[in-house]
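Each chain, written out:
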Amino acid sequence: MNINSFMKLSLINLSRRKINLLNCFLIILSLLILFVTFSINDTAQKYIDIDKKNNLASRKIHLYVDKVDEETIKQIKNIDGVSDIIDNSSHLKSVTVLDFVNDDYDGNIEIYGISKVNLPNIVDGSLDNYYNKDYITIICPKFLMPNINIEYGNEWKDKTPIDTKKWLNKDITISNNYYKGIVKIIGTYDTKENLESDRVCYSSLENVSKMNFNDPNIVNDNHLYIVVDKYSNMNKVIEKLTNLGFSATPMKEYTSNNTNIILLLGGNISVIAIIISIFSIYLTYKKNIKSRIKEIFMLKSIGYNDKHIKLLLIIEGIILGFVSFIISLILSFIILQLVKLYFVNYGSVAAKLEIVYSFKGFVLSLVLSLLIPIGSILLSYSNNNINIIEKIKEEF
């Protein structure tokens with residue numbers, strides 16, 4: 001009696017019982033849901049972590065003050081972690097790039113004021129003329145996606161990004177109700193790295209202030225925007241601002257609710273599927289073992305003992321679990337690629353991240369793929385309390 005004979009006998013037993021297809025399906029379903037859930041959760045968490053690190057919006061605090069004066073600015077500058085102080089007139093300008101207007105775009109982009117030190121990494125161009133006083137310079141996404149033209153109602157998949165590298169250092173006309181002028185794109189950044197919106201551009205505080213000069217909608221007195229040097233200092237800076245009597249709120253808040261919901265929903269479904277799998281395999285083998293009395297008697301008659309019988313059942317469980325595990329991995333990969341494809345075509349910048357195939361989900365799936373069938377089979381065998389001789393007598 002060697003392992004090869006056990007393997008051959010186990011394969012024969014598995015292949016001739018159609019009920020094992022149902023058991024295999026239930027295990028696959030359990031593992032698939034588990035692995036996909038963990039992978040989607042890990043992908044979402046990776047996006048959040050990179051967003052916290054690289055996205056300027058994640059490090060911004062909106063501050064409401066009674067009055068913006070030198071004393072207020074001085075108080076804020078003295079707080080450790082404060083990297084930039086931006087008044088409302090220098091914060092944001094939404095404009096239409098007339099050169100980009102066509103049937104697909106209305107050409108609308110957003111230009112945020114920011115100091116050079118807080119700019120994302122530049123992939124094309126140069127920052128040498130960022131503070132140029134002769135003309136307005138801006139930094140744009142490598143592939144710029146101006147706001148969609150609502151009149152035409154095009155879907156995301158129909159839009160073609162603008163390769164801003166081709167527009168480097170060229171005169172571009174921008175306009176809105178209170179401003180019209182020329183800007184130059186002097187550099188590009190990668191939204192896949194920075195995780196910013198595809199239509200967010202940056203310029204110096206002075207340039208944004210110039211563009212907002214005649215806009216009556218800009219109120220300068222009570223609003224400031226604080227840029228923190230790194231996300232880990234956000235709570236500390238907000239606490240110090242609050243202690244100074246300011247009303248401070250983060251521009252972008254992160255909660256664990258979304259990832260928790262993913263784990264909770266997928267986890268619950270997976271647990272239900274696992275429980276159903278265990279009961280199905282248990283009941284199948286409980287009934288199966290009773291129907292295999294003659295087979296077990298024959299095995300014992302040629303020298304197999306209880307340990308050999310259990311080993312045979314364990315090998316059956318290993319084969320059933322491992323086959324289910326491999327199939328579930330293949331199906332999980334296909335499903336996750338379809339999820340990625342969907343979000344690339346219809347989603348936002350966040351969806352540009354590569355899918356993270358969860359190592360934790362892989363290990364847990366592998367362990368469960370063996371525990372579920374082996375545990376269920378052995379439990380069904382130990383609970384039968386079959387007296388082989390008596391059962392054989394009953395048959396004859």
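Residues numbered from 1 in each chain as written. Predicted model: local features only at pLDDT ≥ 70, side-chain atom pairs only at ≥ 80, totals over all residues. Heavy atoms only, no water.

Draft legend 1. Seen up close, the packing of aromatic side chains. All chains considered together, the criterion is met by five aromatic pairs. Ring centres of F100 and W167 lie 4.9 Å apart, and the angle between their planes is 85 degrees; on these two criteria the pair is classed as edge-to-face. Residue F100 is found in the loop between β3 (92–97) and β4 (108–113), and its partner W167 is found in the loop between β8 (162–163) and β9 (171–176); the two are separated by 67 residues along the sequence. Taking relative accessible area as the criterion, F100 reaches 4% and is therefore assigned buried. Ring geometry for F333 versus Y357: centroids 5.7 Å apart, planes at 25 degrees, classification stacked. Residue F333 is found in helix α10 (residues 306–346), and its partner Y357 is found in the loop between α10 and α11 (359–382); the two are separated by 24 residues along the sequence. Sitting over the face of the ring of Y135, K184 holds its NZ or CZ atom 4.5 Å from the ring centroid. (Phe/Tyr/Trp six-rings, centres within 6.5 Å; stacked < 30°, edge-to-face > 60°. Helix = DSSP H or I, 4+ residues; strand = E, 2+ residues; numbered from the N terminus. Buried < 20%, exposed > 50% of the residue type's maximum accessible area, 1.4 Å probe, protein only. Lys NZ or Arg CZ within 6 Å of the ring centre and 35° of its normal.)

Draft legend 2. How the structure looks around the side chain of H91. Positionally, H91 belongs in helix α4 (residues 88–91). Overall, H91 belongs to the buried group, its relative accessible area being 5%. Residue contacts for H91: discarding those within four places in its chain leaves K60, I86, I111, Y112, G113, V208, Y225 and M251. (Contact = heavy atoms within 4.5 Å.)

Draft legend 3. Quick peek at the pattern of salt bridges. Evaluated as defined, the whole model comprises three salt bridges. K93 is the partner of D215 in a salt bridge, and the nearest nitrogen-oxygen pair spans 3.5 Å. Residue D215 is found in the loop between α6 (205–211) and β12 (223–228), and its partner K93 is found in strand β3; the two are separated by 122 residues along the sequence. In this pair, the class of D215 matches that of K93, namely buried. Put simply, D171 and K184 hold a salt bridge, and the shortest N to O gap is 4.0 Å. Highlighted residues: D171 in strand β9 and K184 in strand β10 (residues 179–189), separated in sequence by 13 residues. (Salt bridge = Lys/Arg side-chain N within 4 Å of Asp/Glu carboxyl O.)

Draft legend 4. Representation of empty space enclosed by the protein. Counting across every chain of the model gives two cavities of 30 Å³ or more. Each pocket or cavity is described by its volume, and for the second largest cavity that value is around 40 Å³. Around the second largest cavity sit V97, F100, I109, I138, C140, L144, I172, I174, V183 and I185, which together line it. Counting residues per element, the ones that place at least two in the lining of the second largest cavity are β6 (136–141), β9 and β10. Of the residues contributing to the lining of the second largest cavity, the split by class is ten nonpolar, no polar and no charged. (1 Å grid on protein atoms, 1.4 Å probe; cavity = no way out; pocket = protein on both sides within 12 Å on 5 of 7 lines; lining within 4 Å. Points joined across faces, edges and corners; volume = space filled by probe spheres on them. Nonpolar A, V, L, I, M, F, W, Y, C, P; charged D, E, K, R; others polar.)

Draft legend 5. Highlighting the confidence of the model for the protein. Counting all residues, the mean pLDDT for the protein is 78, and 73% of those residues have values of 70 or more. Note that residues 149–157 has pLDDT below 50 and, in this model, 17 contacts with residues that lie over four places away or in other chains. (pLDDT = per-residue confidence, 0-100.)

Draft legend 6. Just the nonpolar core, in detail. Counting 19 residues, the largest nonpolar core has I109, I111, I138, I174 and M211 as the members making the most contacts within it. Sorting the residues of this core by element identifies β3, β4, β6, β9, β10 and α6 as the ones contributing at least two each. Residues contacting I111, with those up to four places away along its chain left out, are H91, L92, K93, V95, I138, I174, C201, Y202, S203, V208 and M211. If you look at the next biggest cluster of nonpolar residues, it comprises 16 residues, including V82, I238, L241 and A248. (Core = buried A, V, L, I, M, F, W, Y, C linked by side-chain atoms within 4.5 Å.)

Draft legend 7. Up close: the sheet that holds strand β2 (residues 82–87). The strand order β2-β12-β1-β13 describes an open sheet built from four strands, whose pairing is antiparallel. Of all strands in the sheet, those with a lone pairing partner are β2 and β13 (247–250), marking the two edges. Strand-to-strand, the axes of this sheet are offset by a mean angle of 25 degrees, without reference to chain direction. Direction of pairing for strand β1 (residues 60–64) relative to β13: antiparallel, over a ladder of four bridges. Among the inter-strand pairings, L63 is bridged to a residue of β13, identified as A248. Contacting β1, β2 and β12, helix α3 (residues 70–77) runs over the sheet at an angle of about 155 degrees to β2. Packed onto the sheet, helix α7 (residues 234–243) meets β1, β2, β12 and β13 and runs at close to 10 degrees relative to β1. (Pairing = 2+ DSSP bridges. Axes fitted to C-alpha atoms, helices over the stretch in contact; angles between N-to-C directions.)

Draft legend 8. Molecular detail of the side chain of K93. Among the residues examined, K93 registers a relative accessible area of 1% and is labelled buried. Side chain to side chain, K93 and N212 meet in a polar contact 3.3 Å long. (Polar contact = N/O pair within 3.5 Å; in protein donor to acceptor, adjacent residues only side chain to side chain.)

Draft legend 9. Region of interest: the pairing of β1. Where β1 meets β12, five bridges bridge the pair, whose relative direction is antiparallel. The residue bridging Y64 from the neighbouring strand is H223, located in β12.

Draft legend 10. Local environment of the environment of V95. Tracing the chain through its elements places V95 in strand β3. A relative accessible area of 0% places V95 in the buried class. Measuring from C-alpha to C-alpha, the distance between V95 and I174 comes to 6.1 Å, with 79 residues separating the pair along the chain.

Draft legend 11. Looking closely at the pairing of β4. Of all six residues in β4, six are buried; the element is thus mostly enclosed. Taken together, the four bridges between β4 and strand β11 (residues 200–203) define a ladder with parallel strand orientation. Considered in β11, the bridge of Y112 is made with Y202.

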